[in-house]
Amino acid sequence: MKTVRLEIDGRSAEVPEGTRLWDAALSLGIEIPVLCHDPNLTPVGVCRMCAVQVEGERVLTAACVREVAEGMVVRTATDKIERCRDVLTELLLSEQPARSARQATTGDDALLALAAERGVARGRLPAAGSGRGSDDSSPVIAVDHQACILCDRCIRACDDLQHNDVIGRTGKGYTTRIAFDLDQPMGDSSCVSCGECVAACPTGALTNHALGAAVRPVAELASVDSVCPYCGVGCAIRYHADPAENRIVFAEGREGSGNQGRLCVKGRYGFDYVSHPQRLTRPLIRVDYPKRALSPEVESSRRIQGSGKGKGKGKGEGKGKGEGKGKGKGGGRRHIVDYDQVLPAFREASWDEALDVVAERLGAIRQDHGPGALAGFGSAKCSNEEAYLFQKLVRAVFGTNNVDHCTRLCHASSVAALLQMIGSGAVTTTFGDIENSDFALITGTNTTANHPVAATFFKQAAARGAKLLVVDPIRNPIADHAWRFCQIRPGTDVAFYNGMMNVIIAEGLVDTDYVSRFTTDFDAVASTVARYTPRVAAGICGISEDILREVAIEYGKARAAITFWGMGMSQHVHGTDNCRCIISLCLMTGNVGRPGTGLHPLRGQNNVQGASDAGLIPMSYPDYQPVTSNEARAHYEAAWGRPLDPKAGLTTVEITEAAREGQVKGMYILGENPFLSDPNTNLVREALTRLDFLVVQDIFLTETAEFADVILPATSALEKAGTFTNTDRRVQLGHPVLRAPGDARLDWQIICEIATRMGYPMRYDDAAEIFAELVSHSNSYRGLTHENLGEGGKLYPCPDPDRSEGTVVMFGDGFPTENGRARFVAADHKGADELPDDAYPLVLITGRVLEHWHTGQMTRRSYALDAIEPDAFVSLHPADAAAAAIADGDWVRLTSRRGEITLAARIQEGTQPGSVFVPFHFREAGANTLTTDQLDPDGKIPEFKFCAVRLSKSLSSPEA
Amino acid sequence: MIGETLRARIDAEIARFPVKRGGLLGALHIVQEGQGCVSLAASKELAAIFDVFPVEVIELVRFYNFFHESPRGRHQVYVCTNLPCALRGANVLLKGLEQHLGVGVGETTADGRVHLGREECLGACANAPMIRVGGVYHEDLDLAGACAVLDALE
Ligand code: SF4
Ligand code: SF4
Ligand code: FES
């Protein structure tokens, strides 16, 4: 790299060509004041606060934008410069409102700080212009236009960091101000409430609303570095909390981790659930028998037979979701459980009593019916330490491998295909590696909603010119950034990708060198895809032959193509086949193992990667050691001191089925809510009712807990130390931000207590000790400790944690398989289990929305998230709506062969005619009442993305 | 709705530029002329046509006095009040015109004949003060001259 030498304030500097003066000065420790500049943003030089003198030039120049030149002599603080800065500060100050909302909240108004530092007071200059007004329409962000200095930082943050492109400027002269979309109120605009603009704003123009606790300056608060408790992106967050009130006051993104300081609405504004009054604080023991559902929503997700009630008159009051994304303000109706309906069925108990009951009842079932009559669901929301201990409890103490968690419902098929073909279930590269790609295949994922911060990097890649190929049956917002968007028919992924591979082979775009060096069985795939000519594939998936050919050729020619997929791929009875196809596609073009290439299943929950790594799955011990391997079993029998079950355990849906049939009789459910998250709710209800004994450990009374015999109050992610492994394989340490409420206990301590009371003493001093035990069994995590994870965590494998961040790109020189090679596995198009017919003509696709997460236990108790997206809805295409005479906001009934729900219609172009979309977060209209429990044969994942339903207008709201 | 005729003119405008969005300003003029205003609905349609974000259209609409979001009087009369014009009596002129027309700045006469507005510099400083009536400049004005110009409007 060429460097340039220059002199700043009499000192010489040598910096790379192209460096800006501001950065060059900083490299000498000289801090030039700025207002419009933020090192995260492209400099624009509009405020002129950073003016400096370049010797020989007539006028001052803006250091933030000015590039260095050889031999430049620069003064950063002459009398003239200081005078200019003073006048500028005073001018800006004269326009500021009397009170700065930023100073009054976070206390970091950069303009006021500058004025104070320079000794500039306001009052000498008259305020010009006539107030520019304010805007309080966003539930999370307050806008005071009068405080805006038009520095452009929010605009660049929204455009260049988050790529939402919501903010611009309007007007001119004194009336110039920022505007949202068509100068709408912020709350009505397409703003997704990520808060990046608030983080960027240097004045009181954009500030956070209080979420429960008044926002106060950082200096008055305790600041704790932790990790977002929501999605698998695993954003690093700094929480600022009030220790006296034991409340989080506000949150900020942290640099140094994958998110590079960015956050989404859930991470930035979704923390107040931890302080919700419905937190469980005492152990509860059931007194109401025989067991039954306790709240009407859990009791009555109606079965298809015996329906027919609910005919009333008049239209529901749930009108008013505009087109696009509606923004209810969430007045009135709330759909979290009413504790008055549920708590009378329980009494409070001491920890000793509750734990004794649990140990005794589970022990008795083991005694009377054998270990196989017990099962446990752990959770991907819990830490690695908790996952490890939970599976150890089930395996060593219960004596069974019947342990699973929600990975079964999200990426089990992806992992099955990856393990089978490349010998490793984790991502081969990070989401941030897209920065090195010139092509990205993004398929079956609504990333802007489900991995919002990862999506910002995808959008950034598109803006830089990388070609995004987005393949999805639903047109999600990421499609707006696509080079080509292929809206395939639901359930036809295999045909589409086989068609692409057919073209790639026909066009000679196979990387034969890579295939011969690193793979086997190419011929198997080649002969299968030979049958999927563009014509055949197009006929199945609905994409024209020309487009299919075009995207295949561009993919084949890409220098570095990266692949991201989500549950649109995995949640099918052919989910494993779907994944096999994209893995084959990557392998035949050599798109693995180099920067900018790779396979990245976007993991859903904050610790779904880590929980699987820790062995919270029925077929393997930690680090994917098969339970059926004698060697692995011998290792763990020695380590844990108990004989272990040599058979693989049952998976999530299989456990539910076994409970319904009476084979599984006792369950321990930690942090999961199968009542809402598992397919075919009516069967889940039967299963839960039938259990002899159920202990639920959670932070709120979930729908599942209504069937519990004992409920144990747990701690939230923000109240405990523990590690979480994100979608990138990044192991990060979360620190406790708050104290747990009431008698709630640390989850790992509860597990230890149960184990100990069941005759298997478990004792640890802290989470770090548990982590050390987990690491001792895991090659992947080798070398990691709580201490050396550092602020940004480590990407495993990380052979040298003291010096390196870990491994970004894996498998540059072969795969962790027996012969070191990846194996092609062919797949044929089979189609979904339940195809539409005359009685049930529409395809139901379930999924999630930006503001909610899993079964809504946390997000619906977060003020902002609930306010933005309060209600259940079904999204349908205008053509289907017209055919059924349904208007936007009407109540509609959705019926499948398994059940029926009533919810508001949202008419949107995103879904294609013939299919509807329902998010599964909402208890009042549980999408899984409708879904089928048919499983993929390899991944054992249910088909959440496809079942047949019928739609009709409902004459009444569900409450009427 | 931007009808077919306007759409055809917009497409012709687009064809004049190497990149599509280059034609946006021209398109705004076409819509303003054809529909008497650039409504928010039209801005939204233009955003879709030009493949830009809605806020990028509104930035232009709100910057230039040539465009307004709802129909105004038949004649658009704008008085520049920037420094050179102000030094040569533009504010007095503006006051006088307000009285003459019986409306304030930003208002339209009751008969819908004239809309009066304040303008930023139009580059006619040498001949200050000036008013713009639609696309036509009237320069070196005094109040009587300006009133005469307005009175001559239909
Ligand atoms: S909150 Fe996010 S999306 Fe909304 S305007 Fe600010 S930066 Fe843009
Ligand atoms: S993208 Fe995911 S991890 Fe990041 S703030 Fe949002 S929910 Fe949290
Ligand atoms: S900080 Fe350089 S011009 Fe604003």
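Every residue gets a number counted from 1 within its own chain, in the order that chain's sequence is written. Going through the entries in the order they are written, you letter the chains from A and number the ligands from 1. Reporting of local features is limited, given that this is a predicted model, to residues whose pLDDT is at least 70; pairs of side-chain atoms are given and counted only at 80 or more, and all residues count toward the totals for whole chains, interfaces and linings. Where side-chain values are given, they derive from all heavy atoms of the structure, hydrogens and water being excluded.

(A) Region of interest: the overall build of chain B. Put simply, DSSP H or I for four residues or longer makes a helix, DSSP E for two residues or longer makes a strand, and each gets a number counted from the N terminus. Along its length, chain B carries seven helices and four strands. In sequence order, chain B lays out its α and β elements as α-α-α-α-β-α-α-β-β-β-α. Based on the C-alpha atoms only, the size of chain B along its principal axes is roughly 45 × 35 × 25 Å. Sequence-distant contacts, at least 24 apart, represent 58% of the contacts inside chain B between residues at least 6 apart. Working definition of accessibility: Shrake-Rupley area with a 1.4 Å probe, residue cover restricted to the visible protein chains. Per element, the accessible surface of chain B, about 7,800 Å² overall, is 55% carbon and sulfur. Under this rule, positive means Lys or Arg and negative means Asp or Glu; His and the chain ends count for nothing. Taken as the charge centre is NZ of Lys, CZ of Arg, CG of Asp or CD of Glu, depending on the residue. A gap of 3 Å separates the mean positions of the 14 positive and 19 negative side-chain charges of chain B. Contact criterion: two residues are considered in contact whenever any of their non-hydrogen atoms come within 4.5 Å of each other.

(B) Spotlight on the packing of aromatic side chains. Residue and element names in this part refer to chain A. Note on ring pairs: Phe, Tyr and Trp rings are taken, using the six-membered ring of Trp, and paired if centres are within 6.5 Å. Classes follow the plane angle, with under 30 degrees stacked, over 60 edge-to-face and the rest tilted. One pass over the full model with this rule turns up 22 aromatic pairs over all chains. The interplanar angle of 90° and the centroid separation of 5.5 Å between the aromatic rings of Phe 439 and Tyr 555 together place this pair among those described as edge-to-face. One end of the pair, Phe 439, is in strand 18 (residues 439-443); the other, Tyr 555, is in helix 20 (residues 545-557), with 116 residues separating them in the sequence. Feature note: the residues Tyr 388, Tyr 621, Tyr 636 and Trp 640 constitute an aromatic cluster, connected by ring pairs. Between the NZ or CZ atom of Arg 861 and the centre of the ring of Phe 700, over which it lies, the distance is 4.2 Å. To sit over a ring, a charge needs its Lys NZ or Arg CZ within 6 Å of the ring centre and within 35 degrees of the ring normal.

(C) Molecular detail of the site of ligand 1. Lining the immediate environment of ligand 1, one finds A:Ile141, A:Cys158, A:Asn164, A:Ile167, A:Met186, A:Cys191, A:Val192, A:Ser193, A:Cys194, A:Gly195, A:Glu196 and A:Cys197. Classification convention: Asp, Glu, Lys, Arg as charged; Ala, Val, Leu, Ile, Met, Phe, Trp, Tyr, Cys, Pro as nonpolar; all other residues, Gly among them, as polar. Grouping the amino acids of the shell around ligand 1 by side-chain chemistry returns eight nonpolar, three polar and one charged. Nearness is defined per residue: one heavy atom within 4 Å of the molecule or strand is enough.

(D) Summary view of the sheet that holds strand 7 (residues 141-144) of chain A. Residue and element names in this part refer to chain A. Here, any two strands with at least 2 DSSP bridges between them count as paired. Overall, antiparallel pairing links the three strands, which are arranged 6-7-10 in an open sheet. Edge positions in the open sheet fall to strand 6 (134-135) and strand 10 (206-208), since each of these has one partner strand only. Two strands pair when backbone bridges link them, and strand 7 and strand 10 are joined in this way by three bridges, in the antiparallel orientation. The residue of strand 10 that forms the bridge with Ala 142 is Thr 207.

(E) Highlighting the domain arrangement of chain B. By convention here, the domain bounds are inherited from an automatic or database domain assignment. Each domain of chain B was delimited in the assignment, giving domain 1 (4-63) and domain 2 (75-151). One C-alpha centre belongs to domain 1 of chain B, the other to domain 2 of chain B, and the line joining them spans 28 Å.

(F) Looking closely at the packing of helix 2 (residues 79-95) of chain A against helix 4 (residues 110-118) of chain A. Residues and elements named next belong to chain A. Note on definitions: angles span 0 to 180 degrees between N-to-C directions of axes, and those axes are lines fitted to C-alpha atoms, for helices only across the stretch in contact. Look at helix 2 against helix 4: their axes get within 10 Å of each other, and the N-to-C directions meet at 135°. Overall, the two elements helix 2 and helix 4 adopt an arrangement that is oblique. As helix 2 runs across helix 4, the sense of the crossing is left-handed. Of helix 4, the residues touching helix 2 (which contributes Glu 82, Arg 85, Asp 86, Thr 89, Leu 92 and Leu 93) are Leu 111, Leu 112, Leu 114, Ala 115 and Arg 118. Considered class by class, the residues forming the contact of helix 2 with helix 4 number six nonpolar, one polar and four charged. Note on angle classes: values under 35 degrees are labelled roughly parallel, values over 145 roughly antiparallel, values of 65 to 115 roughly perpendicular, and the remainder oblique. Crossing handedness: left-handed means the near helix sits turned counterclockwise from the far one by under a right angle, and right-handed means the same turn made clockwise.

(G) Quick peek at the interface of chain A and chain B. In this assembly, 14 residues from chain A lie in contact with 14 residues from chain B. Between chain A and chain B, a total of about 1,200 Å² is buried, with carbon and sulfur atoms accounting for 62% of that surface. Each reported salt bridge corresponds to a side-chain nitrogen of Lys or Arg within 4 Å of a carboxyl oxygen of Asp or Glu. At the surface where chain A touches chain B, the tally comes to two salt bridges. One salt bridge in this structure joins B:Glu119 and A:Lys172, with 4.0 Å as the shortest N-O distance. As used in this structure description, the phrase polar contact means that two N or O atoms lie within 3.5 Å; if the pair is within protein, one of them must be able to donate a hydrogen and the other to accept it, and residues adjacent in sequence are counted only when both atoms belong to side chains. Counting the contacts that link chain A with chain B gives three residue pairs in polar contact (both at pLDDT 80 or more). Looking at the side of chain A that touches chain B element by element, the count peaks at four residues for strand 8 (residues 167-170) of chain A. Tallied by class, residues from the side of chain A that touches chain B come to four nonpolar, four polar and six charged. Buried area: the sum, over both parts, of the accessible surface (1.4 Å probe) that disappears when the two are put together.

(H) Seen up close, the nonpolar core. Residues and elements named next belong to chain A. Nonpolar core, defined: a set of buried Ala, Val, Leu, Ile, Met, Phe, Trp, Tyr and Cys residues in which side-chain atoms within 4.5 Å join the residues together. Each residue is placed in one exposure class: buried if its accessible area under a 1.4 Å probe, protein chains only, is under 20% of its type's maximum, exposed if it is over 50%, and partly exposed if it falls in between. Counting 100 residues, the largest nonpolar core has Ile 167, Leu 206, Ile 248, Ile 434, Phe 458, Met 667 and Leu 694 as its most contacted members. If you tally residues by element for this core, the top one is helix 15 (residues 452-464), at six residues. In contact with Ile 248, not counting residues within four places along its chain, are Ala 213, Tyr 239, His 240, Ala 241, Phe 271, Val 274, Leu 718, Val 737 and Leu 738. One finds Ile 285, Ala 396, Ala 426 and Leu 733 within the second-largest nonpolar core, a separate group that totals 60 residues.

(I) Highlighting the site of ligand 2. Residue and element names in this part refer to chain A. Around ligand 2, the surrounding shell consists of Cys 228, Tyr 230, Cys 231, Val 233, Gly 234, Cys 235, Leu 263, Cys 264, Lys 266, Gly 267, Pro 452 and Val 453. Broken down by secondary-structure element, the contributors of at least two residues to the shell around ligand 2 are helix 7 (265-269) and helix 15. Residues of the shell around ligand 2, tallied by class, amount to nine nonpolar, two polar and one charged.

(J) Inspection of the sheet that holds strand 4 (residues 136-138) of chain B at higher detail. Residue and element names in this part refer to chain B. Here we have four strands laid out as an open sheet, ordered 2-1-3-4, and mixed in their pairing. On the outer flanks of this sheet lie strand 2 (114-119) and strand 4, each paired with one strand and no other. Taken over all neighbouring pairs, the strand axes of this sheet differ in orientation by 25° on average, direction set aside. Bridging between strand 3 (residues 131-133) and strand 4 involves three bridges; their strand directions are antiparallel. What sits directly across from Arg 132, in strand 4, is Tyr 137. Across the face of the sheet, helix 6 (residues 90-101) comes into contact with strand 1 (75-80), strand 2 and strand 3 while running at roughly 165° to strand 2.

(K) The pairing of strand 8 of chain A, seen in detail. All names here are of chain A. Two strands pair when backbone bridges link them, and strand 8 and strand 9 (residues 177-180) are joined in this way by four bridges, in the antiparallel orientation. In the strand pairing of strand 9, Gly 168 is matched with Ala 179. Taking the residues between adjacent antiparallel strands as the criterion, strand 8 and strand 9 are bridged by six residues, where Gly 171 takes a positive phi near 75°.

(L) Region of interest: empty space enclosed by the protein. Residues and elements named next belong to chain A. Definitions used for this entry: grid spacing 1 Å over protein atoms alone; cavity, a set of points where a 1.4 Å probe fits but cannot get out; pocket, an open set with protein on both sides within 12 Å along at least 5 of 7 lines; lining residue, one with an atom within 4 Å of a point. Grid points are joined across faces, edges and corners, and a volume is the space filled by probe spheres set on the points. For the structure on display, the rule yields 11 cavities of 30 Å³ or more. Reported here for the largest cavity is a volume of approximately 240 Å³. As for the largest cavity, its lining consists of 26 residues, of which Lys 381, Asp 698, Ile 699, Thr 715 and Met 858 are closest to the centre. For the lining of the largest cavity, the residue count by class is nine nonpolar, 11 polar and six charged.

(M) Here's a closer look at the packing of helix 25 (residues 652-660) of chain A against helix 27 (residues 681-690) of chain A. All names here are of chain A. The N-to-C vectors of helix 25 and helix 27 enclose an angle of 60°; their axes lie 7 Å apart at closest approach. Between helix 25 and helix 27, the crossing angle belongs to the class labelled oblique. Considering only the axes of helix 25 and helix 27, their crossing is left-handed. Residue-level contacts link Thr 656, Glu 657, Ala 659 and Arg 660 of helix 25 to Leu 683, Val 684, Glu 686, Ala 687 and Arg 690 of helix 27. Looking at the contact of helix 25 with helix 27 residue by residue, the classes come out as four nonpolar, one polar and four charged.

(N) Seen up close, the layout of surface pockets. Residue and element names in this part refer to chain A. Counted as a void, the second largest pocket has a volume near 1,100 Å³. Taken together, 43 residues line the second largest pocket, and the ones lying closest to its centre are Asp 38, Arg 153, Ala 199, Ala 200 and Glu 252. Listing elements by their share of the lining of the second largest pocket, those giving two or more residues are helix 4, helix 5 (153-161), helix 6 (196-200), strand 10, strand 13 (247-253) and helix 7. Grouping the amino acids of the lining of the second largest pocket by side-chain chemistry returns 19 nonpolar, 11 polar and 13 charged.

(O) Expanded view of a negative patch on the surface. A cluster of acidic side chains, namely A:Asp765, A:Asp766, A:Glu769 and A:Glu787, defines a negative patch on the protein surface. As for its placement among the helices and strands, A:Glu769 is situated in helix 29 (residues 767-776). Nonpolar side chains (Val, Leu, Ile, Met, Phe, Trp, Tyr) within 5 Å and like charges within 9 Å form the patches, drawn only from residues with over 30% relative accessible area and no salt bridge.

(P) Fine view of the pairing of strand 37 (residues 915-919) of chain A. Residue and element names in this part refer to chain A. Of all five residues making up strand 37, five are buried, and the element is well covered by its neighbours. Here strand 37 shows a buried face lined by Ser 915, Phe 917 and Pro 919 and a second buried face lined by Val 916 and Val 918. Pairing of strand 33 (residues 842-847) with strand 37, which is carried by five bridges, proceeds in the parallel orientation. Residue pairing across strands places Thr 846 opposite Val 918, the latter belonging to strand 37. Summarising the sheet, strand 34 (residues 873-876) and strand 37 pair through two bridges and their orientation is antiparallel. Looking across to strand 37, one finds that Leu 876 is bridged to Val 916.

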